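Given next are the chains, with one letter for each unit.
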Amino acid sequence: MARTRSETKNYFIRELGNNSFNDKEEFIKAVKLYNIKTHKHFEVVESYPDIWSVKCKLHTQGCKWKLRACKRKRSGSFDIKKYTGPHTCLDLNITQDHPNLDASLIAQEIQHLIKEQPSTSSSALSTEVVNKLGYTPSYKKKIWIAKQKAIEHVFGDWDRVVDHVEFRRVFWAFDPSTKGFKHCRPVISIDATHLYGKYKGKMMIAMGVDGNNQILPLAFAIVENESYACWSWFLSHVKKHVVKDSEGMCLISDRHAGILKHFINQFNDKFHNSQLKALAYRVGSQNQIRKFNSFMEEIGKINPKARQWLKEHGPKKWTLAHDGGKRYRLLTTNLSEIFNSVLKGTRFLPIAVCVQLTFYRLVHYFDVRHLMGFSAQANGDMYTPHVLAKQAALMSKAGAHSSRDFNRQKGIFEVITQKGKMSK
Ligand SMILES: [Zn+2]
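Residues numbered from 1 in each chain as written. Predicted model: local features only at pLDDT ≥ 70, side-chain atom pairs only at ≥ 80, totals over all residues.

Novice: Please provide a residue-by-residue account of the confidence of the model for the protein, values included.
Specialist: Per-residue confidence for the protein gives a mean pLDDT of 80; residues scoring 70 or more make up 83%. Per-element averaging of pLDDT across the protein places helix α13 (residues 332–343) at the bottom with 50 and strand β2 (residues 51–56) at the top with 96. In the model, residues 324–335 has pLDDT below 50 throughout and makes 21 contacts with residues more than four positions away in sequence or in other chains. (pLDDT = per-residue confidence, 0-100. Helix = DSSP H or I, 4+ residues; strand = E, 2+ residues; numbered from the N terminus. Contact = placed C-beta atoms within 7 Å.)

Novice: An account of the packing of helix α10 (residues 289–302) against helix α11 (residues 304–312) is requested, with residue identities and associated values reported.
Specialist: Running from N to C, α10 and α11 cross one another at 135°; their axes reach a closest spacing of 5 Å. Of the possible angle classes, the one that applies to α10 and α11 is oblique. Between α10 and α11, the contacting residues are M296, I299, G300 and I302 on the first element and P304, A306, R307 and L310 on the second. (Axes fitted to C-alpha atoms, helices over the stretch in contact; angles between N-to-C directions. Parallel < 35°, antiparallel > 145°, perpendicular 65-115°, else oblique.)

Novice: Mind laying out helix α2 (residues 24–37), listing which residues take part and the relevant values?
Specialist: Compared with the 20 Å implied by 1.5 Å per residue over 14 residues, the 20 Å span of α2 between its first and last C-alpha is a close match. The set of residues buried in α2 consists of K24, F27, I28, V31, K32, N35 and I36. Down the axis of α2, the buried set is contained in an arc of 165°. They therefore lie on one face. Elements in contact with the buried residues of α2: β1 (42–48), β2, β3 (66–71), β4 (78–84), α3 (103–116) and α4 (122–133). Positive backbone phi, approximately 60°, marks H39, located one or two places after α2. (Expected span 1.5 Å × (residues − 1). Buried ≥ 20, exposed ≤ 12 C-beta atoms within 10 Å, placed from the backbone. Arc of directions from axis to C-beta.)

Novice: Quick rundown of the sheet that holds β4? Include the residues and the values.
Specialist: Taking strand neighbours across the sheet as the criterion, the 4 strands line up as β1-β2-β3-β4 in an open arrangement whose pairing is antiparallel. Among the strands making up the open sheet, the edge pair consists of β1 and β4. Sheet twist, expressed as the average angle between the axes of neighbouring strands with direction ignored, equals 15°. The sheet contacts of α2 involve β1, β2, β3 and β4, and relative to β2 the element is tilted by about 10°. (Pairing = 2+ DSSP bridges.)

Novice: Could you give an account of the nonpolar core, naming the residues involved and the relevant values?
Specialist: Within the largest apolar cluster, 43 residues are counted, with the highest numbers of intra-cluster contacts made by M204, A206, L218 and V238. Contacts of L218, omitting those with residues within four sequence positions, involve A173, S177, F181, I188, A206, M207, G208, V238 and V242. (Core = buried A, V, L, I, M, F, W, Y, C linked by C-beta atoms within 7 Å.)

Novice: Quick one: what's the story with the pairing of strand β7 (residues 201–209), residue by residue and with numbers?
Specialist: Most of β7 is tucked away: 9 of the 9 residues are buried. Relative to strand β8 (residues 215–223), β7 runs antiparallel, the two sharing 8 bridges. Its bridge partner being in β8, A206 is matched across the sheet by A219. In this antiparallel pair of consecutive strands, β7 and β8, the connection spans 5 residues, and N213 shows a positive phi of 65°.

Novice: Can you break down the pairing of β4 residue by residue, with the values?
Specialist: The sheet contact formed by β3 and β4 spans 6 bridges and is antiparallel. Opposite K66, over in β4, you have T84 as the bridge partner. Counting the residues that bridge the hairpin from β3 to β4 gives 6 residues, and of these G76 lies at a positive phi of roughly 85°.

Novice: Which residues make up the packing of α3 against α4, and what values do they have?
Specialist: Their axes nearest at 10 Å, the elements α3 and α4 cross at an angle of 115°. Overall, the two elements α3 and α4 adopt an arrangement that is roughly perpendicular. In this structure, the crossing between α3 and α4 has a hand that is right-handed. Contact with α3, carried on its side by I106, E109, I110 and L113, involves L125, E128, V129 and K132 of α4 and no other residues of that element. Its residues placed into classes, the contact of α3 with α4 shows 5 nonpolar, no polar and 3 charged. (Left-handed = near helix turned anticlockwise from the far one by under 90°. Nonpolar A, V, L, I, M, F, W, Y, C, P; charged D, E, K, R; others polar.)

Take a look at the structure:
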């Protein structure tokens, strides 16, 4: 019996839209896309580096569709060797998702989005797949795996560059941040977050606050853990590269308890005394200098060397009592929120991409703030929007007040509020 046109290999090759495939991956992608677009469902029979064969999933119900492709020895291209068509059956079980729409295919379809923005959300990626192929990946894990594959593919080369170098810790800071920080309040806030990617460890960040009360990311690091040693290392680099010679700097951190614990463990490793350990802990948690001194004295009575060791490690670094009260009304809870938005999407990325991404985030940051500053200047504003808003609020409150001068030279007035009298 003569074969009809749709039964032939050549017909199918035309359907695939290409008659030569550079490699196995390219060929598989074309066959998957064809099956997804025509609502067919295939299963793999053989898969070797140089052979790939598939047949219709509904072969038990009589569908004869199958193909076998091989790698050409000389060119390395993939070609169909055997083909049995046509493929006319429809798998009615396929509804929302398509079984041949696997993570590797999704990765290829979303790669361009990942290249633009590695932290593109899973739902946006899912929408892209629906728009392109008409099927919705049914479970989140599939999109998640696809995203990792796409990241690896897009940024893989980047990562290999870094992988040549063995590293324990990485610190980076960008020049505009360092320059900008000179004009900020002398306050630095630090925080850390888990890395869940191939690098186990922590990402640390140091932030300042600008005149408009907005966060200025200053420096970043990837370290092995949140030990006292790592924090010390990070802070010494912040001091060296960001703070430089500025004095009277205040450090804010809700990691104090964690840092203290590590510090005390280090102390205990040296002196092996549970009584001393407990006292040192109390020293570190004191807010009052008087209590701080009395606990230090107690330690000195038990072991003068222990006291000396604590003194040598600079109380400013590990005690609450010695932060100098320079907190400048900043709330750490606020900071960590913004911190998370800066780092959103970076936690799963290869290390070089983390650096790259923080760079682009900062570029964006400076771009937005620059425009803001420019328009404020054009407006003739003396102060930042944050300060102006505060000023306006105080002015409107003061509008209901009246004053009586007593001694203008000495600045003595009586201020009368609506509720009653208030002297100043
Ligand atoms: Zn079939």
